[in-house]
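# An overview of the molecular structure
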Amino acid sequence: MRAARGSPIAVDPVRRAALDLQRPLRLAAADRGAGLARVSGLGAALRTACDRVLAVAPTTAATTALVAWRDALAGFERMDRQGQASEVARGLRLVRVLATDSKDRASLTRLTKS
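Presented here is a report on the structure given in the accompanying data block.

## Considering the overall build of the protein chain
- Of regular secondary structure, the protein chain possesses 6 helices and 0 strands.
- Listing every helix and strand of the protein chain by position from the N terminus yields α-α-α-α-α-α.
- Expressed as a percentage of its 114 residues, the buried residues of the protein chain come to 38%.
- In the protein chain, 58% of the contacts between residues at least 6 apart in sequence involve partners at least 24 apart.
- Per element, the accessible surface of the protein chain, about 6,800 Å² overall, is 53% carbon and sulfur.

Take a look at the structure:
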């Protein structure tokens, strides 16, 4: 069941953190990656949001992949645009799994293998 905005029904904390991570990723991916230049401090924002997800998520295949992605983000600012775009795409795939309802996460973890 999905909670309406302002509803007293609690939202899964992993899903909430994943959706918070998804925002800067979508902005960066907008217009075929042109958003990369528009999002100021993107690397730091992604690292911070990723850390929030990892703080609330249980250890799963998806979070193990997220840890590896977080390690790659350490050098985000030194990457060329193509490298940054690749990491944004990778992050979007990971977030897709984590932003689903907890009961559906297990069926989507195969997406994190790429």
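## Brief notes about the packing of helix 1 (residues 13–33) against helix 3 (residues 42–56)
- Viewed as axis vectors pointing N to C, helix 1 and helix 3 meet at an angle of 165 degrees, and their least axial separation amounts to 8 Å. Between helix 1 and helix 3, the interaxial angle falls into the category roughly antiparallel. Along this stretch, helix 1 crosses helix 3, giving a crossing that reads as left-handed. Taken together, the residues of helix 3 that come into contact with helix 1 (itself represented by P13, V14, A17, A18, D20, L21, P24, L25 and A28) are L42, L46, A49, C50, R52, V53 and V56.
- Partitioned by chemical class, the residues of the contact of helix 1 with helix 3 number 14 nonpolar, no polar and 2 charged.

## A few points about unusual backbone geometry
- Unlike most non-glycine residues, D31 shows phi in positive territory, near 55 degrees.
- One can find D31 in helix 1.
- Even without a glycine there, the phi angle at R32 is positive, about 55 degrees.
- Residue position: R32 is located in helix 1.
- A residue is classified by how much of its surface remains accessible, and R32, at 86% relative accessible area, is exposed.

## Remarks on the pattern of salt bridges
- Under the definition given, this model contains 5 salt bridges.
- Where R90 meets E87, a salt bridge forms, and the shortest distance between an N and an O atom there is 3.2 Å. Of this pair, R90 and E87 are both found in helix 5 (residues 81–98), 3 residues apart, which corresponds to roughly one turn of the helix.
- The buried category is assigned to E87, whose relative accessible area is 13%.

## Describing the nonpolar core
- Core analysis: the biggest nonpolar cluster contains 26 residues, and L21, L42, L46, L66 and W69 have the highest contact counts within it.
- For this core, the secondary-structure elements that each account for two or more residues are helix 1, helix 3, helix 4 (61–73) and helix 5.
- Residue contributions to this core peak at 6 residues, all from helix 1.
- Dropping the residues within four chain positions of it, L46 is found in contact with L21, P24, L25, W69, L73 and F76.

So, how was this worked out
- Residues numbered from 1 in each chain as written.
- Predicted model: local features only at pLDDT ≥ 70, side-chain atom pairs only at ≥ 80, totals over all residues.
- Heavy atoms only, no water.
- Helix = DSSP H or I, 4+ residues; strand = E, 2+ residues; numbered from the N terminus.
- Buried < 20%, exposed > 50% of the residue type's maximum accessible area, 1.4 Å probe, protein only.
- Contact = heavy atoms within 4.5 Å.
- Areas by Shrake-Rupley, 256 points an atom, 1.4 Å probe, with all protein chains shown as cover.
- Axes fitted to C-alpha atoms, helices over the stretch in contact; angles between N-to-C directions.
- Parallel < 35°, antiparallel > 145°, perpendicular 65-115°, else oblique.
- Left-handed = near helix turned anticlockwise from the far one by under 90°.
- Nonpolar A, V, L, I, M, F, W, Y, C, P; charged D, E, K, R; others polar.
- Salt bridge = Lys/Arg side-chain N within 4 Å of Asp/Glu carboxyl O.
- Core = buried A, V, L, I, M, F, W, Y, C linked by side-chain atoms within 4.5 Å.

Read these as geometric descriptors, not functional statements.
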